[in-house]
Amino acid sequence: MKLDILEYTSDQGLPTEWKLEKSQLGQINLIVGKNASGKTRVVKIIQHLSEILSGILSRYESWEQTEDWYLAFNQNSSQDTIEYNLKIERRLVIQEKLTIGDRIVLERERSGVGTIFAEELDRDINFKIPEAELAVVKRQDSIQHSFLENIHQWENSLRFYEFGLQLDQNTLAPLPQKIEVFKKHKKFMELIKMTKHSSDCTRIIGIFVVGKKELGDRFVQAILKDMNGIGYNISKIGTKGIISSSPNLDYYGYPTTFLQSLYVQENDLNTITKQVSMSQGMFRALSLLIQVNYFVQSGQPGCIIVDDIGEGLDYQRSSALIKILIEKIEQAKTDSVQLIMTTNDEFIMNGVPLEYWSVIDRTSGHVKLHNIFNAKDKIEEFKFIGLNNFDFFTSEFHKQELSNEEE
């Protein structure tokens, strides 16, 4: 399931109002804009909603008094379009509605009273839930309301990645010493579920372990090929255990625990490089490529958001990384793997085709995205001028009006 339409408003009617106009997204998206134009805020709007949909509304904190989301999925596919409206005021749900095709299958009011379609009964039924709870979370039922699984599959698969941060480079993963026993233990399945469905995408070690077990050597070889493709000459990647006697880490019921660390073997070194010793640029690239390869090879749907893509990498590596990511998404077995990136870097902009761009335009607290869906004529016109992509951004070409002679 791919996110096609996004609209968001906070503090409507107040001096602090901030609004993202209804915007259409593609399978590959590069949101470009000046500093403080709202790039990070746009992608965090998506991330925050996925967290709320995972059931943490009671712990969700926001500076805004009210928040209003509208999302549409599957708009350009053969499946029915799924639309979801949600309005929250001070952690209380004011309005919630889910529509599939032309039918409203879930709707609730501020009081928590609502109706939901029951599939086996083939009719709408009434319900009442607490005001601080989401109906799409509380009413999960794979028999009566299987349509809710699509929403949760999307929020489970979303990964938000702040490329400019250190992430969890200095955090290791606790796994039991006897890993061969652990693989037969029920807790291993919990790890698989955790790493597949957690919106905390910094659990890179767990995702690598799961990917290697499920997909085998082709998963590892793809990561190696990609890392070499962006200039990191490595011949091996794996995990290595460090024994810890701390009882606090004994989550899996074993007396001794390994702290697992990622490592790579660089071709020009005689010893391995553990993740804590990697350069930040290498670890960021490795982390991202592990996740993207897992989604692409497993054929599972995924929404991967990368804020400040390429931050901390040199020109050659950032350009190569962008090229690899685009090729992987384009060649994915499923069109439900979606990539959303942000940047204000000239080299990255020049390396991404304009048809993947969304130029952010902010006027006061109102934001609009200009892309192939609403500015196709301007993008096609610019291609004939012969300038590089960055000039499309700096000249604000998407705002320019045609002269009478050009018309």
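Basis of the calculations
- Residues numbered from 1 in each chain as written.
- Predicted model: local features only at pLDDT ≥ 70, side-chain atom pairs only at ≥ 80, totals over all residues.
- Heavy atoms only, no water.
- Salt bridge = Lys/Arg side-chain N within 4 Å of Asp/Glu carboxyl O.
- Helix = DSSP H or I, 4+ residues; strand = E, 2+ residues; numbered from the N terminus.
- Buried < 20%, exposed > 50% of the residue type's maximum accessible area, 1.4 Å probe, protein only.
- Axes fitted to C-alpha atoms, helices over the stretch in contact; angles between N-to-C directions.
- Parallel < 35°, antiparallel > 145°, perpendicular 65-115°, else oblique.
- Contact = heavy atoms within 4.5 Å.
- Nonpolar A, V, L, I, M, F, W, Y, C, P; charged D, E, K, R; others polar.
- Core = buried A, V, L, I, M, F, W, Y, C linked by side-chain atoms within 4.5 Å.
- pLDDT = per-residue confidence, 0-100.
- Polar contact = N/O pair within 3.5 Å; in protein donor to acceptor, adjacent residues only side chain to side chain.
- Phe/Tyr/Trp six-rings, centres within 6.5 Å; stacked < 30°, edge-to-face > 60°.
- Pairing = 2+ DSSP bridges.

Student: Could you give me a rundown of the pattern of salt bridges, with the residues and numbers involved?
Tutor: What the rule picks out here adds up to twelve salt bridges. Notably, a salt bridge pairs glutamate 396 with lysine 34, separated by 3.9 Å at the nearest N-O pair. Of this pair, glutamate 396 sits in the segment after helix H12 (389-394) while lysine 34 sits in the loop between strand S3 (28-32) and helix H1 (39-56), and the two are 362 residues apart along the sequence. Using a relative accessible area of 29% as the deciding quantity, one classes glutamate 396 as partly exposed.

Student: Any details on the packing of helix H6 (residues 204-215) against helix H7 (residues 217-229)? Residues and values, ideally.
Tutor: Across the interface, H6 lies against H7 with an axial gap of 6 Å and an inter-helix angle of 125 degrees. The orientation of H6 with respect to H7, classified from their angle, is oblique. Taking contact as the criterion, the partners of Ile207, Phe208, Gly211, Lys212 and Leu215 in H6 are, on H7, Asp217, Arg218, Phe219, Val220 and Ile223. Considering only residue class, the contact of H6 with H7 consists of six nonpolar, one polar and three charged.

Student: Describe the nonpolar core, listing the residues and the values that go with them.
Tutor: Generally speaking, a soluble globular protein has its nonpolar side chains buried in company with each other. Counting residues in hydrophobic clusters, the biggest one holds 64 residues, and the most contacted among them are Met227, Leu288, Ile290, Ile309 and Trp357. Excluding residues that lie within four positions of it along the chain, tryptophan 357 makes contacts with Leu30, Val32, Met349, Val352, His370, Asn371, Ile372, Asn389, Phe390, Phe392 and Phe393. Counting 49 residues, the second-largest nonpolar core is a separate cluster that includes Leu3, Val105, Ile125 and Leu148.

Student: How would you summarise the confidence of the model for the chain if you had to cite specific residues and measurements?
Tutor: Looking at the chain, pLDDT values average 82 and 82% of them are 70 or higher. Contacts of residues 247-256 to residues separated by more than four positions or lying in other chains number 23 contacts, the stretch itself having pLDDT below 50. In this model residues 402-407 is a low-confidence stretch, pLDDT under 50, and it forms five contacts with partners more than four residues away in sequence or in other chains.

Student: Could you give me a rundown of the side chain of threonine 9, with the residues and numbers involved?
Tutor: With respect to the helices, strands and loops of the structure, threonine 9 is situated in strand S1 (residues 3-10). Owing to a relative accessible area of 9%, threonine 9 belongs among the buried residues under this scheme. At 3.3 Å, the side chain of threonine 9 and the side chain of lysine 19 are in polar contact. Not counting residues up to four positions away in its chain, the partners in contact with threonine 9 are Glu17, Trp18, Lys19, Thr66, Glu67 and Asp68.

Student: Talk me through unusual backbone geometry; I want residue IDs and the actual numbers.
Tutor: Despite not being glycine, arginine 91 shows a phi value in the positive range, around 70 degrees. Topologically, arginine 91 is positioned in the loop between strand S5 (82-89) and strand S6 (92-100). On the accessibility criterion, arginine 91 (38% relative accessible area) is partly exposed. One non-glycine residue, glutamate 396, lies in positive phi territory at about 50 degrees.

Student: Outline the packing of aromatic side chains, supporting the account with residue identities and numerical values.
Tutor: Counted by the stated rule, this structure contains twelve aromatic pairs. Residues tyrosine 315 and phenylalanine 347 carry aromatic rings whose centres are separated by 4.5 Å and whose planes lie at 55 degrees to one another, so their mutual orientation is tilted. Taken together, the residues tyrosine 315 in helix H9 (residues 315-330) and phenylalanine 347 in helix H10 (residues 346-351) connect sequence positions 32 residues apart. With a centroid separation of 5.2 Å and 65 degrees between ring planes, the pair formed by phenylalanine 382 and phenylalanine 397 is classed as edge-to-face. Remark: phenylalanine 397 occurs in the segment after H12 and phenylalanine 382 occurs in helix H11 (residues 376-383); sequence separation between them is 15 residues.

Student: How would you explain the pairing of S3 if you had to name every residue and give the values?
Tutor: Counting buried positions along S3 gives five out of five residues, so the element sits mostly inside the fold. Every second residue of S3 is oriented toward a common face, with Ile28, Leu30 and Val32 on one face and Asn29 and Ile31 on the other, all of them buried. Pairing geometry for S3 and strand S16 (residues 337-343), over five bridges, is parallel. Of the residues in S16, the one forming a bridge with valine 32 is threonine 343. Summarising the sheet, S3 and strand S17 (residues 357-363) pair through three bridges and their orientation is parallel. Pairing of leucine 30 across the sheet is with tryptophan 357, part of S17.

Student: Can you break down the pairing of strand S7 (residues 103-108) residue by residue, with the values?
Tutor: By the bridge criterion, five bridges tie S6 to S7 in an arrangement that is antiparallel. Bridging across to S7, lysine 97 finds its partner in glutamate 107. Connecting S6 to the antiparallel partner S7 that follows it, the hairpin turn spans two residues, and glycine 101 within it adopts a positive phi of roughly 65 degrees. Bridge analysis of S7 against strand S8 (residues 113-118) gives three bridges, and the strand direction is antiparallel. Bridge pairing in S8 places arginine 108 opposite glycine 114. Two successive antiparallel strands, S7 and S8, enclose a turn made up of four residues, where glycine 112 displays a positive phi of approximately 95 degrees.

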